[in-house]
Amino acid sequence: DAGVTQSPTHLIKTRGQQVTLRCSPKSGHDTVSWYQQALGQGPQFIFQYYEEEERQRGNFPDRFSGHQFPNYSSELNVNALLLGDSALYLCASSLVAGSHEQYFGPGTRLTVT
Amino acid sequence: GQQLNQSPQSMFIQEGEDVSMNCTSSSIFNTWLWYKQDPGEGPVLLIALYKAGELTSNGRLTAQFGITRKDSFLNISASIPSDVGIYFCAGANSGNTPLVFGKGTRLSVIA
């Protein structure tokens, strides 16, 4: 049973560039949430996708956007990258939208220079 | 916004010792979860709690949902080297609300 997978593992970008991160949920899960984890901090909620729509959003600017595909996989896009966007980006999936038992992928380490 | 405070921030223990850590909030939660994160990995769900006063075990781990709904506790018995990592608490309210995480407790085990 495949768990949550994310790609790429690591990424280095320059300020002002745009980045797309990808996530495939755990088998049988239809809800995907994205989190940003800065060094030494806990994960912070960015947004959640269910039925291909953004259902919940945390306190992140519009530069952060996402998409969910019919096969439940998801993308996180960040435009106009800032140095402060450097972090581990985690994707988590859950069985249903209201379930708080979320299962995390290994993350994508983004470095903005 | 809601914030979770975890203590201690870090701890060093001898292998075989028991460990206790806690998580407190300024507001109530209806769900508490505990995760463990190893270096270079995503958090792994350890225990989920859904009812005030609930005590739930997962092997050597035991977690409790505080009566006030503003705190939760995690205990690890007879620690082993693979217990090393960062332990996060997370709280959530009813419905489709996001998880709020603490900053973590870093556990080091000395063999």
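For the structure, check the block above.
Keep in mind the model is a prediction, meaning the values are calculated, not measured.

1. Some details on the overall build of chain A
Then, number 1: A count of helices and strands for chain A gives zero helices and 11 strands.
Then, number 2: Relative to the globule expectation of 13 Å for 113 residues, the C-alpha radius of gyration of chain A, 13 Å, shows essentially globular dimensions.
Then, number 3: Viewed in the frame of its principal axes, chain A has a C-alpha envelope of about 40 × 25 × 25 Å.
Then, number 4: Relative to its full complement of 113 residues, chain A shows a buried share of 47%.
Then, number 5: Long-range pairs, those at least 24 residues apart, make up 53% of the contacts in chain A with a sequence separation of at least 6.
Then, number 6: Surface summary for chain A: the accessible area is close to 5300 Å², and the carbon and sulfur share equals 48%.
Then, number 7: With 8 positive and 10 negative side-chain charges, chain A shows a spacing of 12 Å between the two charge centroids.

2. Observations concerning the interface of chain A and chain B
Then, number 1: Contact with chain A, which involves 21 residues of that partner, is made by 22 residues of chain B.
Then, number 2: Between chain A and chain B, roughly 1600 Å² of surface is buried when both sides are summed, and carbon and sulfur atoms account for 54% of that area.
Then, number 3: In terms of surface lost to chain B, no three residues of chain A exceed His100(A), Glu101(A) and Phe104(A), which account for 36% of the buried area on that side.
Then, number 4: Taken together, the connections running from chain A to chain B amount to five residue pairs in polar contact (both at pLDDT 80 or more).
Then, number 5: In terms of residue class, the side of chain A that touches chain B is built from nine nonpolar, 10 polar and two charged.

3. Quick word on unusual backbone geometry
Residues and elements named next belong to chain A.
Then, number 1: A cis amide bond, omega -10°, links Ser 7 with the succeeding residue Pro 8.
Then, number 2: Structurally, Pro 8 can be placed in the loop between strand E1 (5-7) and strand E2 (10-13).
Then, number 3: Residues other than glycine seldom take positive phi values, yet Glu 51 does so here, at roughly 50°.
Then, number 4: Of note, Glu 51 is situated in the loop between strand E5 (44-50) and strand E6 (53-57).
Then, number 5: Judged by relative accessible area, Glu 51 falls into the exposed class, the value being 51%.
Then, number 6: One non-glycine residue, Ala 80, adopts positive backbone phi at about 45°.
Then, number 7: Examined against the element boundaries, Ala 80 turns out to sit in the loop between strand E8 (74-78) and strand E9 (87-94).

What counts and how
- Residues numbered from 1 in each chain as written.
- Chains lettered and ligands numbered in written order.
- Predicted model: local features only at pLDDT ≥ 70, side-chain atom pairs only at ≥ 80, totals over all residues.
- Heavy atoms only, no water.
- Helix = DSSP H or I, 4+ residues; strand = E, 2+ residues; numbered from the N terminus.
- Rg over C-alpha atoms; globule rule 2.2 N^0.38 Å.
- Buried < 20%, exposed > 50% of the residue type's maximum accessible area, 1.4 Å probe, protein only.
- Contact = heavy atoms within 4.5 Å.
- Areas by Shrake-Rupley, 256 points an atom, 1.4 Å probe, with all protein chains shown as cover.
- Lys, Arg positive; Asp, Glu negative; His and termini not counted.
- Charge placed at Lys NZ, Arg CZ, Asp CG, Glu CD.
- Buried area = accessible area lost by both parts, 1.4 Å probe.
- Polar contact = N/O pair within 3.5 Å; in protein donor to acceptor, adjacent residues only side chain to side chain.
- Nonpolar A, V, L, I, M, F, W, Y, C, P; charged D, E, K, R; others polar.

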